[in-house]
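Here are the chains, one letter per residue:
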Amino acid sequence: MSVAIDRRLEAARAVVEDASRLALAMRPPSGGPSGSQKSAQDWLTEADGAVEAFVARRMQELFPEDGFQGEEGGSVRQGSLRWVIDPIDGTSNFARGRNRWCVSLGLLDGDRPVAGVINAPALGEIYTARLGGGAFMNGKPIHASPVTDTRSAMIEMGWSNRVPKPVFMEKIGAILDLGAMPRSGGSGALALADVACGRLDGYIEIVINLWDVAAALIILEEAGARVSPFLREGGLTGGATILAAAPGVAEALSQATGIALA
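Each value, and the rule that gives it
Residues numbered from 1 in each chain as written. Predicted model: local features only at pLDDT ≥ 70, side-chain atom pairs only at ≥ 80, totals over all residues. Heavy atoms only, no water. Helix = DSSP H or I, 4+ residues; strand = E, 2+ residues; numbered from the N terminus. Rg over C-alpha atoms; globule rule 2.2 N^0.38 Å. Areas by Shrake-Rupley, 256 points an atom, 1.4 Å probe, with all protein chains shown as cover. Lys, Arg positive; Asp, Glu negative; His and termini not counted. Charge placed at Lys NZ, Arg CZ, Asp CG, Glu CD. Buried < 20%, exposed > 50% of the residue type's maximum accessible area, 1.4 Å probe, protein only. Core = buried A, V, L, I, M, F, W, Y, C linked by side-chain atoms within 4.5 Å. Contact = heavy atoms within 4.5 Å. Pairing = 2+ DSSP bridges. Axes fitted to C-alpha atoms, helices over the stretch in contact; angles between N-to-C directions. Parallel < 35°, antiparallel > 145°, perpendicular 65-115°, else oblique. Left-handed = near helix turned anticlockwise from the far one by under 90°. Nonpolar A, V, L, I, M, F, W, Y, C, P; charged D, E, K, R; others polar.

### Let's talk about the overall build of the protein
A tally of regular secondary structure across the protein gives 8 helices and 15 strands. Relative to a compact globule of 262 residues, whose C-alpha radius of gyration would be 18 Å, the protein shows 17 Å and is just as compact. Total accessible area on the protein stands at roughly 10,900 Å², and carbon and sulfur atoms take up 51% of it. The centroid of the 24 positive side-chain charges in the protein is displaced by 3 Å from the centroid of its 30 negative side-chain charges.

Listed below in structure tokens is the structure:
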């Protein structure tokens with residue numbers, strides 16, 4: 001199986017690189033948002049559909065036996081190995097011509113993440129990982145932060161209109177009570193990648209979907225980060241909570257926010 005996963009990861013990296021160039025070419029100019037608004041702060045652009053269709057077609061040509069699931073098109077093929085794509089993660093940033101967005105493609109073997117690619121073309125960063133093979137950014141190994149004191153930690157929390165304001169404020173308050181520095185960057189996949197490479201010491205999102213995290217889960221695991229049991233807690237079929245953190249602050253962050261770790 002490892003040979004099959006290696007072959008798929010190599011192919012996925014090339015396909016996602018082509019898809020990222022397509023997305024970059026379609027990125028709106030800097031300014032007010034360009035696209036349609038599905039709900040509060042939830043945007044859809046022409047690039048979302050174009051990128052997903054491009055990747056779906058290429059992966060079907062390469063691996064017709066594999067399943068495929070996209071944010072925009074849903075589950076279009078079944079297979080024991082399943083690709084899950086977020087064509088533009090961070091669409092609110094993308095729609096304004098900003099740089100913090102990515103194309104995210106993860107591979108699951110049943111309910112087990114086994115490979116992932118996150119490409120942020122405007123930042124010039126590509127994250128990859130395979131089960132048992134380590135995690136990398138631009139070909140160099142990455143590891144979760146060595147920080148052990150929450151008073152020097154930087155924690156990001158994602159916002160969603162599906163989360164009641166009191167719940168969001170409670171978790172932010174818990175982060176502040178730890179003495180940590182809160183952040184919010186508008187891309188869950190890139191925030192999780194930042195935890196994997198040590199730029200962040202933790203990331204929390206109360207309701208996030210599989211396509212947002214499918215690639216990041218294996219990257220986090222291979223980088224040595226601690227993660228909540230997202231897939232077991234409903235993430236395979238709907239929105240669920242995720243906490244990812246550096247090992248040295250993970251328990252403190254888990255206890256403060258009430259989000260259990262795996």
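Having put the structure on the table, let's press on.
### Quick look at helix H5 (residues 188-197)
Of all the 10 residues making up H5, 10 are buried; the element is thus mostly covered by neighbouring parts of the structure. Among the residues making up H5, those that are buried are Gly 188, Ala 189, Leu 190, Ala 191, Leu 192, Ala 193, Asp 194, Val 195, Ala 196 and Cys 197. Two residues or fewer past H5, Gly 198 is found with a positive phi of approximately 90°.

### Quick word on the nonpolar core
If you look at the biggest cluster of nonpolar residues, it comprises 40 residues, and the most contacted ones within it are Ile 118, Tyr 127, Ile 219, Phe 230 and Ile 242. Among the secondary structure elements, those contributing two or more residues to this core are strand E6 (102-109), strand E7 (112-120), strand E8 (125-130), strand E9 (135-137), H5, strand E13 (202-208), helix H6 (210-223) and strand E15 (240-245). The element that contributes the greatest number of residues to this core is H6, accounting for 11 residues. Not counting residues up to four positions away in its chain, the partners in contact with Ile 219 are Gly 116, Ile 118, Tyr 127, Thr 128, Ala 129, Ala 135, Ile 142 and Ala 196. Formed by 29 residues, the second largest nonpolar core is a distinct cluster that contains Ala 23, Val 51, Leu 81 and Ile 126.

### Examining the sheet that holds E6
Strand order in this open sheet of 8 strands is E4-E3-E5-E6-E7-E8-E9-E10, and the pairing throughout is mixed. The open sheet has two free edges, formed respectively by strand E4 (74-77) and strand E10 (140-141), since each of these has just one partner strand. Sheet analysis places strand E3 (residues 67-70) next to E4, joined by 3 bridges and oriented antiparallel. Note that in E4 the partner of Gln 69 across the bridge is Ser 75. Relative to the sheet, H6 contacts E3, strand E5 (81-89), E6, E7, E8 and E9, its axis offset from that of E7 by approximately 105°.

### Focus: the packing of helix H1 (residues 2-26) against helix H2 (residues 46-62)
Between H1 and H2, the least distance of the axes is 10 Å, while the angle of their chain directions is 155°. With respect to each other, H1 and H2 are oriented roughly antiparallel. Of the two possible hands of crossing, H1 and H2 adopt the one that is right-handed. Between H1, through Ala 11, Ala 12, Val 15, Asp 18, Ala 19, Leu 22, Ala 23 and Met 26, and H2, the contact on the second element is made entirely by Glu 46, Ala 47, Ala 50, Val 51, Phe 54, Val 55, Arg 58, Met 59 and Leu 62. In the contact of H1 with H2, the residues fall into 14 nonpolar, no polar and 3 charged.

### Some words on the sheet that holds strand E11 (residues 154-157)
Strands in a sheet are paired, the pairing made by backbone hydrogen bonds, and the direction either parallel or antiparallel. If you trace the 5 strands from one edge of the open sheet to the other, you get E12-E11-E13-E15-E14, paired in mixed fashion. Edge positions in the sheet fall to strand E12 (181-183) and strand E14 (226-227), since each of these pairs with one other strand and no more. In this structure, E14 lies alongside E15, joined through 2 bridges in antiparallel fashion. Paired with Val 227 across the bridge in E15 is Ala 244.

### Comments concerning the pairing of E7
The side chains of a regular strand alternate between the sheet's two faces. Counted residue by residue, E7 has 8 buried out of 9 residues, so it is predominantly covered. The pairing of E6 with E7 spans 7 bridges and is antiparallel. Bridge pairing links Leu 108 to Pro 113 in E7. Hairpin remark: E6 followed by E7, antiparallel, with 2 residues in the connecting loop; positive phi at Gly 110, about 65°. Where E7 meets E8, 6 bridges bridge the pair, whose relative direction is antiparallel. Bridge assignment links Gly 116 to a residue of E8, and that residue is Ala 129. Connecting the antiparallel pair E7 and E8 is a turn made up of 4 residues, with Gly 124 showing a positive phi of about 70°.

### Some words on the packing of H5 against H6
Across the interface, H5 lies against H6 with an axial gap of 9 Å and an inter-helix angle of 5°. If you check the angle between H5 and H6, you find them roughly parallel. Two secondary-structure elements touch here, H5 through Ala 189, Leu 192, Val 195 and Ala 196 and H6 through Asp 212, Val 213, Ala 216, Ile 219, Leu 220 and Ala 223. For the contact of H5 with H6, the per-class residue count stands at 9 nonpolar, no polar and 1 charged.

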